[in-house]
Amino acid sequence: MTLRADLYIQQNASWSHVHTHNDAAGSPIDLTGYTAAMSIKRAPGQTVVARAYLSSGGDADGGTIVMGGAAGTITMSMTPAQTLKLLWDFDLWAVIESRDPDAALVKPQNTLVYDCSITNTNGVTTRVLEGRAIVRRSVTP
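Residues numbered from 1 in each chain as written. Predicted model: local features only at pLDDT ≥ 70, side-chain atom pairs only at ≥ 80, totals over all residues. Heavy atoms only, no water.

So, about the pairing of strand E2 (residues 7-10). Because side chains alternate across E2, one face comprises the buried residues Leu-7 and Ile-9, and the other comprises Tyr-8 and Gln-10, none of which is buried. When E2 meets strand E9 (residues 125-136), the two strands line up parallel, connected through four bridges. Among the inter-strand pairings, Tyr-8 is bridged to a residue of E9, identified as Ile-134. (Buried < 20%, exposed > 50% of the residue type's maximum accessible area, 1.4 Å probe, protein only. Helix = DSSP H or I, 4+ residues; strand = E, 2+ residues; numbered from the N terminus. Pairing = 2+ DSSP bridges.)

What follows is the structure, given as structure tokens:
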């Protein structure tokens, strides 16, 4: 079953979130040998490159995921440089969409979407988390 949870990320700051994957009885599931991947995008179904792609493998380009084995934990994390990139073009799009540079307001936060999937040793993939990634804009670079 997929758990719905909103993630709150401060732009230009270190971020991490730990999720414990439990069975129906509430006991942690042993994730030894599992891999994980997570994408953060502007909207569901978006086919362009993700704002961030986190992974437990070497293919991550927007953060890392560490699997906690018998503890059942999935730890997602991003560096300040990675969280900074989450909103890199939002101001530009506000100007393009409004067609009036004076009407474009910089929002203090933007809402993206994400999901996180795990894959077991038999190749079966399960989505464990999904929801909104609410990114609070940084003032200090």
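Counting 25 residues, the largest nonpolar core has Met-38, Ile-40, Leu-54, Ile-65, Ile-74 and Met-76 as the members making the most contacts within it. Those elements that place two or more of their residues in this core are E2, strand E4 (35-41), strand E5 (52-55), strand E6 (63-67), strand E7 (73-78), strand E8 (109-119) and E9. (Core = buried A, V, L, I, M, F, W, Y, C linked by side-chain atoms within 4.5 Å.)

Here the focus is the environment of Asn-120. Relative to the elements of secondary structure, Asn-120 occurs in the loop between E8 and E9. Expressed as a C-alpha distance, the spacing of Asn-120 and Thr-32, which sit 88 residues apart in the sequence, is 8.5 Å. One polar contact links the side chain of Asn-120 to the main-chain amide nitrogen of Asn-122, over a distance of 2.9 Å. (Polar contact = N/O pair within 3.5 Å; in protein donor to acceptor, adjacent residues only side chain to side chain.)

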